[in-house]
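# Chain and residue survey
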Amino acid sequence: MAPGEAELRLRDRLGKLRSLPLLGGTRLSGELERLERQLERLEAEPTGEEIWRSVELARHPDRPYTLDYVERLLEDFVELHGDRRRADDPAVVAGLGRFDGRTIALVGQQKGRDIRERTKRNFGMSYPEGYRKAMRVMEIADRHGFPLLSLVDTPGAYPGVAAEQHGQGGAIARSQAVMARLGVPTVACIIGEGGSGGAIALALADRVLMQENAIYSVITPEGCAAILWRDAGEAQKAAAAFKPDAVHCLELGVIDAVVPEPEGGAQADWDGSAELLRTALGEALEELEGIPGDELRRRRRARFRSIGVYA
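Residues numbered from 1 in each chain as written. Predicted model: local features only at pLDDT ≥ 70, side-chain atom pairs only at ≥ 80, totals over all residues. Heavy atoms only, no water.

### Focus on the pattern of salt bridges
Any two side chains of opposite charge can pair, so long as their charged atoms come close to each other. Let me state the cut-off plainly: Between Lys or Arg on one side and Asp or Glu on the other, a salt bridge is scored when a side-chain nitrogen of the former is within 4 Å of a carboxyl oxygen of the latter. Put simply, DSSP H or I for four residues or longer makes a helix, DSSP E for two residues or longer makes a strand, and each gets a number counted from the N terminus. The classification of residues rests on relative accessible area computed with a 1.4 Å probe and restricted to protein chains. Under 20% of the type maximum is buried, over 50% is exposed, and intermediate values are partly exposed.
Tallied over the entire structure, the rule returns 23 salt bridges. Of the charged contacts in the structure, one is a salt bridge between K111 and D153, with a shortest N-O distance of 3.3 Å. With K111 in the loop between strand 3 (102-109) and helix 5 (115-120) and D153 in strand 4 (residues 148-154), this residue pair connects regions lying 42 residues apart in the sequence. For D153, a relative accessible area of 0% puts it in the buried group. Across the pair R278 and E275 runs a salt bridge, and its minimum N-O distance is 3.4 Å. One end of the pair is R278 and the other is E275, both in helix 13 (residues 270-288) and 3 residues apart, which spans about a single turn.

Put into structure tokens, the structure is as follows:
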């Protein structure tokens with residue numbers, strides 16, 4: 001049922017209930033309150049156009065990327081390279097630095113600012129080598145007791161033949177398994193696009209945040225439209241259907257909080273966006289501070305196993 005039809009039916013039913021005599025003190029009064037709450041929720045629901053606006057802002061070419069936030073949030077950042085098996089993947093940034101006075105490990109995706117850098121970094125789409133590099137840093141964090149921050153910004157893992165030959169699916173699964181086993185606090189934030197396995201490989205964290213105009217989904221709107229309607233041009237229709245925006249991700253319980261952005265979007269004010277992100281990351285780390293590693297692992301596994309369970 002389309003949102004407009006649902007709203008009309010609710011209004012019609014509300015009108016009929018309100019016209020009934022002796023409404024107060026009956027079971028109908030509870031039904032009336034429930035329908036009014038549903039109507040309020042529908043009226044506040046983002047429209048298809050607003051959802052697509054989030055998609056456009058998440059992909060905005062001037063939006064700050066991982067290294068832009070690293071420059072503003074971390075001191076003495078040392079980037080590590082290579083997976084110690086085959087190669088270095090520039091699509092993944094990984095290293096150690098100081099965040100608000102504490103040493104942390106950071107992993108994230110980097111899309112690239114111009115065509116030359118985007119080609120070098122494969123538009124933020126990682127090969128297996130990138131996830132293995134991230135796992136190296138995760139294990140260093142676990143060994144030394146450093147909290148892990150993860151900044152997610154990718155359309156998805158690279159779907160090319162070479163990536164599949166090098167074990168793309170296995171690398172994504174192992175990255176999730178490593179994150180599930182970490183005994184240190186972990187906080188992930190989707191800062192742009194959070195696409196499919198390429199995103200969840202770095203986002204299986206104790207706290208998952210999402211910037212106000214980011215998107216997080218199992219498939220891109222274009223990919224969904226190509227499957228459902230055999231036409232990638234129906235991407236806006238697909239986005240309105242599966243709702244990858246922050247408000248709906250919070251409602252579904254796949255994220256814990258929405259990080260506000262400056263007016264107009266993060267691309268309008270990089271410094272302001274970084275400070276808002278700093279506050280959210282700092283608060284999340286403070287919530288997790290002092291929780292034993294075994295308890296972190298237990299809560300983390302329980303949380304992700306419960307996602308999608310219907311009750």
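### A short note on the confidence of the model for the chain
Put simply, the rule reads: pLDDT measures how confident the predictor is about each residue, on a scale from 0 to 100. The contact criterion used throughout is that any non-hydrogen atoms of two residues lie within 4.5 Å.
Across the chain, the average pLDDT comes to 87, with 85% of residues at 70 or higher. Low pLDDT, under 50, characterises residues 22-27; the stretch is placed with 5 contacts to residues that sit more than four places away or in other chains.

### Notes on the environment of D76
This is how the line gets drawn: Polar contacts, as used here, are pairs of N or O atoms within 3.5 Å; protein pairs need one atom able to donate a hydrogen and one able to accept it. Residues neighboring in sequence count only if both atoms are side-chain atoms.
Along the polypeptide, D76 turns up in strand 1 (residues 74-79). According to the relative accessible area criterion, D76 is exposed, its value standing at 57%. Separated by 20 residues in sequence, D76 and L96 place their C-alpha atoms 8.0 Å apart. When near neighbours in sequence (up to four residues on either side) are disregarded, D76 contacts L96, G97 and R98. A distance of 2.8 Å separates polar atoms of two side chains, one belonging to D76 and the other to R98.

### Describing the packing of helix 6 (residues 128-144) against helix 8 (residues 168-181)
We count it as follows: Between the N-to-C directions of two axes lies an angle of 0 to 180 degrees, each axis being a line fitted to C-alpha atoms and, for a helix, fitted only over the stretch in contact. Here the angle decides the label: under 35 degrees means roughly parallel, over 145 means roughly antiparallel, 65 to 115 means roughly perpendicular, and every other value means oblique. Crossing handedness: left-handed means the near helix sits turned counterclockwise from the far one by under a right angle, and right-handed means the same turn made clockwise. Put simply, Ala, Val, Leu, Ile, Met, Phe, Trp, Tyr, Cys and Pro go in the nonpolar bin, Asp, Glu, Lys and Arg in the charged bin, and everything else, Gly too, in the polar bin.
Running from N to C, helix 6 and helix 8 cross one another at 15 degrees; their axes reach a closest spacing of 9 Å. Relative to helix 8, the element helix 6 is oriented roughly parallel. Helix 6 and helix 8 meet at a crossing whose hand is left-handed. Judged by residue contacts, P128, Y131, M135, M138 and E139 of helix 6 engage Q168, A171, I172, R174, S175, V178 and M179 from helix 8. In the contact of helix 6 with helix 8, the residues fall into 8 nonpolar, 2 polar and 2 charged.

### With respect to the environment of V187
Assignment of secondary structure puts V187 in strand 5 (residues 186-195). For the pair V187 and L148, spaced 39 residues apart in sequence, the C-alpha separation works out to 6.4 Å. The contact partners of V187, leaving out residues within four places of it in the chain, are L148, L149, S150, A205, R207, L209, L281, A284, L285 and L288.

### So, the pairing of strand 2 (residues 92-99)
Going by this rule: For two strands to be treated as a pair, DSSP must find no fewer than two bridges joining them.
Among the 8 residues in strand 2, 6 count as buried, and that is most of the element. As defined by bridge partners, strand 2 adjoins strand 3 across 8 bridges and the pair is classed as antiparallel. Across the sheet, residue F99 finds its bridge partner in strand 3, namely R102. The loop that links strand 2 with its antiparallel partner strand 3 comprises 2 residues; one of these, D100, has a positive phi angle of about 50 degrees.

### Quick look at helix 6
Each α-helix turn comprises 3.6 residues. Residues three or four places apart therefore point the same way. Our working rule: How far a helix is expected to stretch is found by multiplying one less than its residue total by 1.5 Å.
Under the 1.5 Å per step criterion, the end-to-end length of helix 6 is 25 Å for 17 residues, consistent within 8% with the ideal 24 Å. Burial analysis of helix 6 places 13 of its 17 residues in the buried class, which makes it a mostly covered element. The first or second residue beyond helix 6 is G145, which carries a positive phi of 75 degrees.

### Focus on the side chain of D89
Worth spelling out the cut-off: As used throughout, the charge tally considers Lys and Arg to be positive and Asp and Glu to be negative, leaving His and the chain termini uncounted.
Summarising the element assignment, D89 is placed in the loop between strand 1 and strand 2. For D89, which is buried and forms no salt bridge, the nearest opposite charge comes from K133, at a distance of 6.3 Å. Separated by 3.4 Å, the side chain of D89 and the backbone nitrogen of G130 make a polar contact. Apart from the residues lying within four places of it in its own chain, the contact partners of D89 are S126, Y127, E129, G130 and K133.

### Section: the nonpolar core
Our working definition: The set of buried Ala, Val, Leu, Ile, Met, Phe, Trp, Tyr and Cys residues whose side-chain atoms join them within 4.5 Å is what this entry labels a nonpolar core.
Ranked by size, the top nonpolar core spans 37 residues in total, and within it Y131, M138, M210 and Y216 carry the most contacts. Of all the secondary structure elements, the ones that give two or more residues to this core are strand 2, strand 3, helix 6, strand 4, helix 8, strand 5, strand 6 (207-211) and helix 12 (246-252). Per element, the largest residue contribution to this core is 6 residues, and it comes from helix 6. In contact with Y131, other than residues within four places in its own chain, are Q109, S126, A157, Q168, A171, I172, S175, G198, A201 and L202. Ranked by size, the runner-up nonpolar core spans 24 residues in total, among them I191, L277, A280 and L285.

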